[in-house]
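# Summary of the model geometry
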Amino acid sequence: MGFMQKLADGLAKAREKFLVKLDALIVGRKIDESLYEELEELLILNDVGVTASARLLKHLRKLVSERKVQEGHFLRPLLQEIVSERLGKPEAIELQQGRLNVFLVVGVNGVGKTTSIGKLAQYYREQGLKIMCAAGDTFRAAAAQQLEIWAERAGVQVIAHAAGGDPAAVVYDALHSARAKGIDLLLVDTAGRLHNKTNLMQELGKVRRIIEREAPDALREILLVVDASTGQNALSQVREFAEIVPLTGIILTKLDGTAKGGIVLAIREEQQVPIKLIGVGEKASDLRPFDPQEFAAALLSSKTP
Amino acid sequence: MFKALGERLQATFKKLRGKGKLTEQDVTEALREVRMALLEADVNLKVVRDFVAAVKERAVGQAVFESLTPGQHVIKIVHEELIKLLGGSTSRINLSPNPPSVLMLVGLQGSGKTTQAGKLARLLRKNGRHPLLVACDVYRPAAIDQLETLGRQLDIPVFSMRESKNPVEIARAAKESAMRQGRDLVIIDTAGRLHIDERLMQELQDICEAVHPHEILLVVDAMTGQDAVTVAEAFDKAISIDGIVMTKLDGDARGGAALSAKAVTGKPIKYIGVGERLDALEVFHPDRMASRILGMADVLSLIERAEEALDVKRAAELEQKLRSQTFTLEDFLTQLQEIRNMGPLDQLLGRVPGFAQAKQLQNMQIDERELKRVEAVIFSMTKRERQRPEMIDGSRRKRIALGSGTSVQDVNRLLKQFEQTRKMMKTFADMGKRGGKKAKFPLV
């Protein structure tokens, strides 16, 4: 099954709900103010947010007047065009061959950091790379065990310390061990932390500094994991984490629920951090690169792929 | 918590405050701000619409004619409507008169079920129950380990069946085991599941049929967006939930999900999770939460928290010491330790009136390590020095600084602080003597 199909399936619930509502709104109507207003509410209901919705609509109005469209049902292809244009080009994760690459995975509690790392480990393992994981979540009960189980499934090694230890120390050990063993990719898990807790955020800064110091130029990605059902708080998460560590991308998880991931648009409109991976299911292969065109099509296209 | 929402509403109302009379236009304009603020706080659109309409109807009809300060009147109405929206009065959980009571936690992945199970067990044990935690999450790797670790930390037994992959069987066996062990409260931690996963929703129904929970709590992440409503409705439809636990409210999430969940399901929010520590679970009070949203600080919760942590008898002793001017560095140390027991300081201070609003304090971070440093300094003093700080001269200061790994300046600062505290306390104590305002908690 192609990923396009997979994505469409994963988004099926969301798409269904969104499209039915959208069609009910626009089909058979003339484009006027009240239609725009209702459209704005629909976007807000999908977590696109007040600000981003306003921008999308402004863009839509412009297209409508340029193309002299009057019938409501033309809005859907226009929206698809706008969404894919505004989401921009896909940005892939690239590894450097023949040397150590490090990914640091961060996020608030319960978004799926450890699970995403498990999936990444499996994915890159299947590409034939030597992988190691560092259990940087020393706080939550049994977090290291959770990572170990994932790693065992993927057949990769985990470096872990006793619970309650210093995450920076775990990372330090992992870096040295990874270098000694000629590891291609080290995946660093971290404890979930709410972005307004200064001390915990400082700890994250320290972990990053250790990586930069012990393995210069190896830190390839700092990925923020965001739960797709998060509302406007996701913007605050991106902003605050980016202030402490230079985020290179976002992993959007749990897109297989009924949340439409309208937050994708909100994040894109208000933050500079690209979405690189999305999770649409529980299997390792369900974590995939994010393609804005595919996403827009899966959400808005009238043809089921 | 709810800070941004509170701030926005306050800014809106400031405009109203200066007015002698309110026109319909004023109200409409203020409510547009309210609408925006609520939407940005992830309150469900439909809920916002009803809320705004309800406030408007009351505000326009009355304020213009009756109220002397219409601005205040609108704030009062918004406050009252918020309380109504949040569920009116405080709801307790249902426990069966015939033990064991069965309590089940359900929700999406990552909402915080396992952690809340531990917190609830701790809280209800404090209320005299004998909980048994049950690990029914057989899917997520290490979920059982997590619950067992929490059980060990709390010294509360955990029931698990590692060889079983059948949550229904585990729940049934746990209930029987509770009866044999004389535990009167069974807390079932279930696996996180999507509300659209029919197989797993069926599994929840099967568990319900097997053990008939007296209380089913839906655990909802405060950061959830507009979809919180769909999730709450789906769980409610499948297994008829009794209430909601809102988690991660210690973040900067504005918690709109909390406002919406109650409104659409009609099921009350019963508890809120306000931190990662196992004691960071509170009974939900709609009136207090409404006050918090509007920026009227939540003093009641603060006092409750203090009472839980402070030893009442010792507090009385301290007060006596203050009056008789025999307050020493040792008492100072005890006090510091008790305050630390109350939980993270910044969280506490957020609830003190004025603190949440004072601009210059907003970026202030309370460093718990600073307290540790103070402790270290006091620990490096001799007993006599602690009782008679006056005797600490230059060479003693040097020794104390060396012993505690601090500098002489640190020691000086502490002694100065202590002296100021003592003076302040004296003032409070005198006030009390004259029958004035009594200082109930002589905080530092």
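Residues numbered from 1 in each chain as written. Chains lettered and ligands numbered in written order. Predicted model: local features only at pLDDT ≥ 70, side-chain atom pairs only at ≥ 80, totals over all residues. Heavy atoms only, no water.

## Regarding the sheet that holds strand E5 (residues 219-227) of chain A
Residue and element names in this part refer to chain A. Ordered by their spatial adjacency, 8 strands build an open sheet running E3-E2-E4-E1-E5-E6-E7-E8, and the pairing between neighbours is mixed. This sheet does not close on itself; its edge strands, each paired only once, are strand E3 (157-159) and strand E8 (287-289). When the angles between neighbouring strand axes are averaged without regard to direction, this sheet yields 25°. Bridge count for strand E1 (residues 101-106) against E5 is 5 bridges, and the pairing is parallel. Counterpart to Val106 in the pairing with E5 is Leu224. Contacts from helix H7 (residues 143-154) reach strand E2 (131-136), E3 and strand E4 (185-190) within the one sheet, and its direction differs from that of E2 by about 170°. (Pairing = 2+ DSSP bridges. Helix = DSSP H or I, 4+ residues; strand = E, 2+ residues; numbered from the N terminus. Axes fitted to C-alpha atoms, helices over the stretch in contact; angles between N-to-C directions. Contact = heavy atoms within 4.5 Å.)

## Let's talk about the packing of helix H5 (residues 75-87) of chain A against helix H11 (residues 263-270) of chain A
All names here are of chain A. For the pair H5 and H11, interaxial distance at closest approach is 10 Å and the crossing angle is 50°. On the basis of the axis angle, H5 is oblique to H11. Here H5 and H11 pass one another in a crossing that is left-handed. Between H5, through Val83, Arg86 and Leu87, and H11, the contact on the second element is made entirely by Val264, Leu265, Arg268 and Glu269. Of the residues in the contact of H5 with H11, the class split is 4 nonpolar, no polar and 3 charged. (Parallel < 35°, antiparallel > 145°, perpendicular 65-115°, else oblique. Left-handed = near helix turned anticlockwise from the far one by under 90°. Nonpolar A, V, L, I, M, F, W, Y, C, P; charged D, E, K, R; others polar.)

## Let's talk about the domain arrangement of chain A
Splitting chain A by domain gives domain 1 (3-87) and domain 2 (101-289). On a C-alpha basis, the centroid separation for the pair domain 1 of chain A and domain 2 of chain A is 33 Å. (Domains from an automatic or database assignment.)

## Here's the deal with the interface of chain A and chain B
Each side of the interface is counted separately: chain A has 42 residues, and chain B has 35 residues. The largest contributions to the chain A side of the interface with chain B come from Glu41(A), Leu45(A) and Val50(A), which together make up 15% of the buried area. Our count for the contact surface shared by chain A and chain B stands at 3 salt bridges. Residue Arg35(B) pairs with Glu41(A) through a salt bridge whose shortest N-O separation is 3.4 Å. Here chain A and chain B share 13 residue pairs in polar contact (both at pLDDT 80 or more) between them. Looking at the side of chain A that touches chain B, the elements that each hand over two or more residues are helix H2 (12-26), helix H3 (33-45), helix H4 (50-67), H7, helix H9 (198-214) and helix H10 (233-244) of chain A. A per-element tally of the side of chain A that touches chain B places H7(A) first, with 5 residues. (Buried area = accessible area lost by both parts, 1.4 Å probe. Salt bridge = Lys/Arg side-chain N within 4 Å of Asp/Glu carboxyl O. Polar contact = N/O pair within 3.5 Å; in protein donor to acceptor, adjacent residues only side chain to side chain.)

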